[in-house]
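A structural walkthrough
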Amino acid sequence: MAPDTDIRDNLEKVKARIAAAAAEAGRSAAAVTLVAVAKSHPAAVIRPALQAGHRVFGENRVQEAEAKWPALKADHPDLRLHLVGGLQRNKVKRAVALFDAIETIDNPRLARAVADEMARSGRRPQCFVQVNTGDEPQKGGVAPADADAFIAACRDDFGLAIAGLMCVPPLEDEPSPHFALLREIAKRNGVDGLSMGMSGDFETAIRLGATHVRVGTAIFGERPAVKQETEA
Ligand SMILES: *Cc1c(COP(=O)(O)O)cnc(C)c1O
């Protein structure tokens, strides 16, 4: 089978699994946005997904996204790009210019820089707060204990509308408690969006209320192992 066909097939299968998980949970499949995470894959691998009509994609590094997406956006102006990797303040201007959603807001200085750049540029990417549900020292995200205060500061101090919360559970943990915690934090803060669930656990996330699932490997296949994946 040609790789293009593989990707179209994979996309269809993932969409069918999303629809089934949503139905099982009594939710509408339309309430779950599939963010196809294309990090470390070249444009040639992404194009078949665009040709199949898919329009929402994720990347984890600003620089890599800048190399791939302007040309794809020119051909498909309606596509939406989510930043799912950590964002450094010195790349905020570029991130706000390119991305339609930034899922990794996790500290006040970053929130302020994003808010300032949005005001300056007039661009309005959706903002998600990343929560480090496993309290892992090496991982991005605000600590669960600090989430309420941080969300309030984003809104009240920086004028940032929070579209959702995002989490990446610890690899070794059962993900359900992390998804449930994220949902609880969102609920008590009146936040609608829940970006949770990846290739290995998106059905579980949908059962627990995910509005966005971020799926890479199940669509595009294994990533080349060479690239560093954690930092934007
Ligand atoms: C890579 C990545 C994904 C996709 O992971 P897969 O297991 O390949 O589906 C989702 N979210 C984030 C933050 C990622 O970095």
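Sequence order as written defines the numbering, with residues in each chain counted from 1. A pLDDT threshold of at least 70 governs which residues receive local features in this predicted model, and a stricter bar of 80 or more applies before side-chain atom pairs are shown or counted, although totals over entire chains, interfaces and linings include all residues. As a rule here, side-chain values come from all non-hydrogen atoms in the structure, and water together with hydrogens is ignored.

Right, let's get into the overall build of the protein. Secondary structure summary: the protein contains nine helices and eight strands in total. Radius of gyration: C-alpha atoms only; globule rule: 2.2 Å multiplied by the number of residues to the exponent 0.38. For 232 residues, the compact-globule formula gives about 17 Å, and the C-alpha radius of gyration of the protein, at 17 Å, lands near that figure. Each of the three principal axes of the protein carries a C-alpha extent, and together these read 50 × 40 × 30 Å. The burial tally for the protein puts 50% of its 232 residues in the buried class. Two residues form a contact once any of their heavy atoms are found within 4.5 Å. Here the analysis covers contacts within the protein between residues at least 6 apart in sequence; of these, 61% occur between residues at least 24 apart. What sets the accessible areas is the Shrake-Rupley method with a 1.4 Å probe; for residues, cover comes only from the shown protein chains. As displayed, the protein has an accessible area near 10400 Å², and 51% of this comes from carbon and sulfur atoms. Where the 30 positive side-chain charges of the protein centre and where its 31 negative ones centre are 5 Å apart. Runs of H or I in DSSP of at least four residues are treated as helices and runs of E of at least two as strands, each being numbered from the N terminus. The rule is simple: take the accessible area with a 1.4 Å probe, protein chains only, and divide by the maximum for that residue type; under 20% is buried, over 50% is exposed, in between is partly exposed. All tallies of charge rest on Lys and Arg as positive and Asp and Glu as negative; His and the ends of each chain are not included. All charge positions are set by atom: Lys at NZ, Arg at CZ, Asp at CG, Glu at CD.

Before going further, it helps to spend a moment on the side chain of Glu136. Positionally, Glu136 belongs in the loop between strand E5 (126–130) and helix H6 (147–156). With residues up to four places along the chain from it excluded, the contact list for Glu136 reads Val168, Pro169 and Pro170.

Bringing helix H5 (residues 108–121) into the picture now. In an α-helix, one turn spans 3.6 residues, which is why side chains three or four residues apart end up on the same side. Helix span is expected to be 1.5 Å times the residue number reduced by one. Between its first and last C-alpha, H5 extends 20 Å over 14 residues, near the 20 Å set by a 1.5 Å rise per residue. Of all the positions in H5, only Leu110, Ala111, Val114, Ala115, Glu117 and Met118 are classed as buried. Buried residues of H5, viewed axially, fall in a sector of 165 degrees; they line one side. In H5, those exposed residues whose orientation departs by more than 90 degrees from the buried face are Arg109, Ala119 and Arg120. Tucked inside the fold, the buried residues of H5 contact helix H4 (92–98), strand E4 (101–105), E5 and H6. Measuring from the backbone nitrogen of Arg109 back to the side-chain oxygen at the start of H5 gives 3.2 Å, which picks out Asn107 as the cap. Looking one or two residues beyond H5, the residue adopting positive phi is Gly122, at roughly 80 degrees. Note: the arc covers the axis-to-C-beta directions of the helix. Between N or O atoms, a polar contact is any pair within 3.5 Å; within protein, one atom must be a potential hydrogen donor and the other a potential acceptor, and residues adjacent in sequence are included only when both atoms are from side chains.

By nonpolar core we mean a set of buried residues, namely Ala, Val, Leu, Ile, Met, Phe, Trp, Tyr and Cys, connected to one another through side-chain atoms within 4.5 Å. Formed by 65 residues in total, the largest nonpolar core has its most connected members in Trp69, Val114 and Leu165. In this structure, Trp69 is in contact with Ala38, Ile46, Phe57, Glu59, Leu79, Leu81 and Leu98, ignoring residues within four places of it in sequence.

Nearness is judged by heavy atoms alone; a residue qualifies as near a molecule or strand once a single heavy atom is within 4 Å of it. Looking at the ligand, the residues that line it are Val37, Lys39, Val84, Met166, Val168, Met198, Ser199, Arg214, Val215, Gly216, Thr217 and Arg223. Take Gly216: an N or O atom from its main chain is 2.8 Å from an oxygen atom of the ligand. Contacts to the ligand include Arg223, whose side-chain N or O atom sits 2.8 Å from an oxygen atom. Considering the ligand on its own, with 390 Å² of exposed area, one finds that the protein chains cover 89% of that surface.

In this section: the pairing of strand E2 (residues 56–59). Residues Val56 and Gly58 point to one face of E2 and Phe57 and Glu59 to the other, with burial holding for every one of them. Only strands joined by at least two bridges in the DSSP assignment are considered to pair. Of the strand pairs in this sheet, strand E1 (residues 33–37) and E2 are connected by two bridges, and their pairing is parallel. By the bridge assignment, Ala36 is partnered in E2 with Phe57. Looking down the strands as they point away from you, a crossover is right-handed if its path from the first strand over the helix to the second goes clockwise. Where the polypeptide runs from E1 across helix H2 (residues 43–51) and back to E2, its parallel neighbour, the crossover connection is right-handed. In the sheet, E2 pairs with strand E3 (residues 80–83) via four bridges, with the strands oriented parallel. Counterpart to Glu59 in the pairing with E3 is Leu83. Taken together, E2, helix H3 (residues 62–75) and E3 form a β-α-β motif whose crossover is right-handed.

So, about the packing of H2 against H3. Angles run from 0 to 180 degrees between N-to-C directions of axes, and those axes are lines fitted to C-alpha atoms, restricted for helices to the stretch in contact. Running from amino to carboxyl end, H2 crosses H3 at an angle of 25 degrees, the nearest separation of the two axes being 11 Å. Between H2 and H3, the angle falls in the class roughly parallel. Relative to H3, the crossing made by H2 is right-handed. Touching Ala43, Ile46, Arg47 and Leu50 of H2 are Lys68, Trp69, Leu72 and Asp75, all from H3. Within the contact of H2 with H3, the residues separate by chemical class into five nonpolar, no polar and three charged. By the definition adopted for this analysis, an angle is roughly parallel if under 35 degrees, roughly antiparallel if over 145, roughly perpendicular if from 65 to 115, and oblique otherwise. Crossing handedness is read from the near helix: turned anticlockwise from the far helix by less than a right angle, it gives a left-handed crossing, and turned clockwise, a right-handed one. Throughout this entry, Asp, Glu, Lys and Arg are counted as charged residues, while Ala, Val, Leu, Ile, Met, Phe, Trp, Tyr, Cys and Pro are counted as nonpolar. The remaining residues, Gly among them, count as polar.

The contact between helix H1 (residues 3–24) and H2 brings their axes to 9 Å, and the two run at 50 degrees. Between H1 and H2, the crossing angle belongs to the class labelled oblique. Pair H1 / H2 crosses with right-handed handedness. Residue-level contacts link Asp4, Ile7, Arg8 and Leu11 of H1 to Val45, Pro48, Ala49 and Gln51 of H2. Class assignment of the residues belonging to the contact of H1 with H2 gives a composition of five nonpolar, one polar and two charged.

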